Amino acid sequence: MIVEGQVLSAMNPLQGVWVVANFWILILAALYFVFSLIVIRQIHLMTEIVMTEAAPIMRAFSIIHAGLALGIVILFIGSLFG
Amino acid sequence: MSLGFFPSLIDCPTKIKFADQEKDEVIELFLRRHWVTNLSWLVLTILAIALPFIFTKINEVLKLVQITVPSQLVISAWVLWYMLVVAYILENFLHWYFNIYIVTNTHLVDINFYNLLSRDATEVRLEDVQSSKPQVQGVLGSLFNYGDLTIETAAERQQIHFADVPKPDFVRERIQDLQETKER
């Protein structure tokens, strides 16, 4: 019982640390999503300046990438705060 | 010098066009940095991919982290790490892919993509080109035949720098040939 009590008291301050860590991970994932939107915009602009064969593939990739980034943000909200 | 979809040098490309291209303007050379120049960030990327596995293995042996971290937090941190790695790859790849040099029958075009938020494009007429100096440096440069080509011009922008392009001597000769053709 004494050991259990000691473990619990040691765990409690860490709970706060985990909550803060969860928030930081979510903020960074949201920033990544913003980055993926900038990538879409930039690829769109650059492929308008130089039109190559790979341009449609790059545009499609940037959109899929942003979709995945958004999916990860939603996944993080569900797994870390659900 | 082809790398599938991502070549560093294309001679007379037919399926490439650029903004501000005139009707009678034909692209003679399409260049970007030699693919070997990507090796440094590719090696770093491989290390970054391996890092969480290496850390986990070291932690298993040395027990550096004694506390129990919630599993969902560990998984999220791994996912976040690999997202940062993807961001690093994207930034470097786009920087290489969109830094383009184009030689046409009338112009030299230098398109620069500095980072995700800034870029510029410069055009110089062939008749404004005064001199060009190729420079191959280093072991990799000599092995793979790539280097810099500095072009002095009489235009507003006095110098155009083709950095780490494949076959700089060939590019220089091509520019000179085009100049001679235009003068005739």
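Residues numbered from 1 in each chain as written. Chains lettered and ligands numbered in written order. Predicted model: local features only at pLDDT ≥ 70, side-chain atom pairs only at ≥ 80, totals over all residues.

(A) Just the overall build of chain A, in detail. What chain A contains, in helices and strands, is 2 helices and 1 strand. Listing every helix and strand of chain A by position from the N terminus yields α-β-α. Burial analysis of chain A (82 residues in total) assigns 20% to the buried set. In chain A, once contacts between residues fewer than 6 apart in sequence are set aside, the share between residues at least 24 apart is 68%. (Helix = DSSP H or I, 4+ residues; strand = E, 2+ residues; numbered from the N terminus. Buried ≥ 20, exposed ≤ 12 C-beta atoms within 10 Å, placed from the backbone. Contact = placed C-beta atoms within 7 Å.)

(B) Examining the interface of chain B and chain A more closely. Listed by partner, the interface residues are 24 residues for chain B and 24 residues for chain A. Broken down by secondary-structure element, the contributors of at least two residues to the side of chain B that touches chain A are strand E2 (17-18), helix H2 (71-97) and strand E5 (107-115) of chain B. Tallied by class, residues from the side of chain B that touches chain A come to 20 nonpolar, 2 polar and 2 charged. In this structure, strand E1 (residues 50-51) of chain A lies alongside E2(B), joined through 2 bridges in antiparallel fashion. (Nonpolar A, V, L, I, M, F, W, Y, C, P; charged D, E, K, R; others polar. Pairing = 2+ DSSP bridges.)

(C) Just the sheet that holds strand E3 (residues 27-32) of chain B, in detail. Residues and elements named next belong to chain B. Read from one edge of the open sheet, 5 strands run E1-E3-E4-E5-E6, paired in antiparallel fashion. Edge strands, defined here as strands with exactly one partner in the open sheet, are strand E1 (9-11) and strand E6 (118-125). The mean inter-strand angle of the sheet, taken between neighbouring strand axes irrespective of direction, is 10°. Two elements, strand E4 (residues 100-104) and E5, share 4 bridges in a ladder whose sense is antiparallel. Bridge pairing links Ile-102 to Val-109 in E5. Where helix H4 (residues 168-183) meets the sheet, it contacts E3 and E4, and its direction lies at approximately 155° from that of E3. (Axes fitted to C-alpha atoms, helices over the stretch in contact; angles between N-to-C directions.)

(D) A look at the sheet that holds strand E7 (residues 129-135) of chain B. Residue and element names in this part refer to chain B. With respect to topology, 3 strands assemble into an open sheet ordered E7-E8-E9, the strand pairing being antiparallel. Only two strands of the sheet have a single partner each, and these edge strands are E7 and strand E9 (159-166). Across the sheet, the mean angle from the axis of one strand to that of its neighbour is 15°, orientation sign disregarded. In terms of strand pairing, strand E8 (residues 146-153) meets E9 through 6 bridges, oriented antiparallel. Opposite Gly-147, over in E9, you have Val-165 as the bridge partner. Running over the sheet, H4 touches E7, E8 and E9 and is turned about 165° from E7.

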